[in-house]
Each structure stands twice: as structure tokens, then as C-alpha cells.
Amino acid sequence: MGYDRYVAICDPLHYNRYLTKEKCNKMIGGAWFLGFLGAIGNVLPLLNLHFCHNNVIKHYNCELPSLLPLSCSETLPNYIVLLIFILAFGFNSFIFTLVSYINIISSILKIKSSVGRQKAFSTCSSHLIIVGLFYITAFFRYMKPSSESLMDLDKVISIQYSILTPMLNPIIYSLKNKQILCGVEKLFGKCRAIILT
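Parameters at a glance
Residues numbered from 1 in each chain as written. Predicted model: local features only at pLDDT ≥ 70, side-chain atom pairs only at ≥ 80, totals over all residues. Heavy atoms only, no water. Helix = DSSP H or I, 4+ residues; strand = E, 2+ residues; numbered from the N terminus. Buried < 20%, exposed > 50% of the residue type's maximum accessible area, 1.4 Å probe, protein only. Contact = heavy atoms within 4.5 Å. Areas by Shrake-Rupley, 256 points an atom, 1.4 Å probe, with all protein chains shown as cover. Expected span 1.5 Å × (residues − 1). Axes fitted to C-alpha atoms, helices over the stretch in contact; angles between N-to-C directions. Parallel < 35°, antiparallel > 145°, perpendicular 65-115°, else oblique. Left-handed = near helix turned anticlockwise from the far one by under 90°. Core = buried A, V, L, I, M, F, W, Y, C linked by side-chain atoms within 4.5 Å.

A.B. asks: Could you clarify how one ought to interpret the overall build of the protein in this entry?
C.D. replies: Looking only at helices and strands, the protein has 8 helices and 0 strands in total. Looking at the protein residue by residue over its 197 residues, the buried ones come to 25%. A separation of at least 24 residues holds for 57% of the contacts in the protein among residues at least 6 apart in sequence. Carbon and sulfur atoms make up 70% of the accessible area of the protein, which amounts to about 13400 Å² in all.

A.B. asks: How do you make sense of the environment of Phe51 when you look at a structure like this?
C.D. replies: Along the chain, Phe51 falls in the loop between helix H3 (21-43) and helix H4 (64-67). The exposure class of Phe51 is partly exposed, given its relative accessible area of 37%. With 16 residues separating them in the primary sequence, Phe51 and Leu67 have C-alpha atoms 9.2 Å apart. With sequence-adjacent residues up to four places away left out, Phe51 is seen in contact with Leu46, Leu67, Leu70, Ser71 and Cys72.

A.B. asks: So what exactly am I meant to see when it comes to the side chain of Asn78 here?
C.D. replies: If you trace the backbone, Asn78 turns up in helix H5 (residues 76-109). Setting aside chain neighbours within four positions, we find Asn78 in contact with Pro45, Leu46, Leu49 and Leu68.

A.B. asks: Whenever I open this one, H5 confuses me. Can you help?
C.D. replies: The α-helix advances 3.6 residues per turn, and as a result positions three or four apart in sequence lie on the same side. When the terminal C-alpha atoms of H5 are compared, their 47 Å separation across 34 residues agrees well with the 50 Å that a helix rising 1.5 Å per residue should span. Along H5, the positions that sit buried rather than exposed are Asn78, Leu82, Ile86, Thr97, Ser100, Tyr101, Ile104, Ser107 and Ile108.

A.B. asks: I tried to follow the packing of H3 against H5 on my own but got confused; where do I start?
C.D. replies: Describing two packed helices takes the angle between their axes plus the distance from one axis to the other. Two elements in contact, H3 and H5, have axes whose closest approach is 10 Å; the angle formed by their N-to-C orientations is 165 degrees. By the criterion of interaxial angle, the relationship of H3 to H5 is roughly antiparallel. The hand of the H3/H5 crossing is left-handed. For the pair H3 and H5, contact is made by Leu34, Leu37, Gly38, Gly41 and Asn42 and by Leu82, Phe85 and Phe89, respectively.

A.B. asks: When you look at the nonpolar core in this model, what are you seeing that I'm missing?
C.D. replies: Note on soluble globular proteins: their nonpolar side chains tend to be buried together. By size, the foremost hydrophobic cluster in this structure holds 8 residues: Leu49, Leu64, Leu68, Leu82, Ile86, Ala138, Tyr142 and Tyr161. Looking at this core, the elements with two or more residues in it are H5 and helix H6 (114-143). Apart from residues lying up to four places away in sequence, Leu82 is in contact with Asn42, Leu64, Pro65, Leu68 and Tyr142.

Here you go:
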């Protein structure tokens, strides 16, 4: 999405040349491949671990940061592998997205008309908010030191990046569609009419 917004705003006349079906398929395949490597990075460090009596995960999901404290084996190599995968996948994609948005914002600021700038900002602001929420919460979840006092906050943050962000993404993008927005307004208009009667 960051690359799509970058091309749409920074070089709109060449959008069809840069974002061909073949390139989009390659980006999707690359995302799936990196997702597969990320999953391997969460599974491989667990193969040599032994879990003793304490096998209750105090979390909503079974991710590596939740499992490592339960092991009775030495987990330092696992934390190192986790850190390498976080830096390789999370930080690199964050930098790519950040560079894209720096170029997008600098291109938007060069637009002469205020209406054009406002329209361009409204096009990419929702994606920027979703991406920001995702990266901030995911980095906090994976990079923070383990602490029992932060366990409840950790659960809320985990819900944010694993459930709320993917759930909000289609809602935010569909509200930019005028037909869907009109339908939602009609729905709430009918709801208000029912409540008032």
C-alpha cells in the first residue's frame, strides 16, 4: 500500500507503467514469501526448547515472546534469533514504508493548491494511521523487556496489531467510497428515525 500511494501521488501519470499486474503479483508473492520466512523465524527457535511444569501461556496468542519465558532451557540464542528476525523483517519494511511516506509528504507539500494538498493528504492519511498503529504496537510487543507488571498492557497491544489493525483497514478504505459512505449515512439516518419515534 505504501508503494501504491507513493506512485499514485509522486508519479501519477506513470501509475499504470509502474504498477502493472505482473509487478503487483510479484509484490504479493514477495509478501507471502516474507510472511512464510517470518513464520519459520517464530517456529525454528522453539525446536530445541524444553518446557517443564509451567506451561500456561499468560497471553491471548501463542507467539514467540510469550513462549520463551515458559522454557526451562537456555533461551538467549532464541532471543538473538528473534531480534535478528525483527530487525530483518520488521525494521526493513518499516524503513521502506517510512521512505515512501517521506517522499509522498514532500511531493504533497509541493502541490500549489490547498484543495489538491488536502485531497492528497486525505488519500494517504488513513493508510498512514493504520501503518503507524501497526508498527508502533508490533515493535512494542516484540522489543519490550518481559515484565509481569506490563502483562495486561501487552495483551491489549497484541489485540491492536493482530486483530484491530487488519479489521480497521477495509473499513477505513471502504469509507472513502462515496456509495458506501452514502449507504452508511442512510443506515444511521434510519437508525436515528427509529430511535426518535
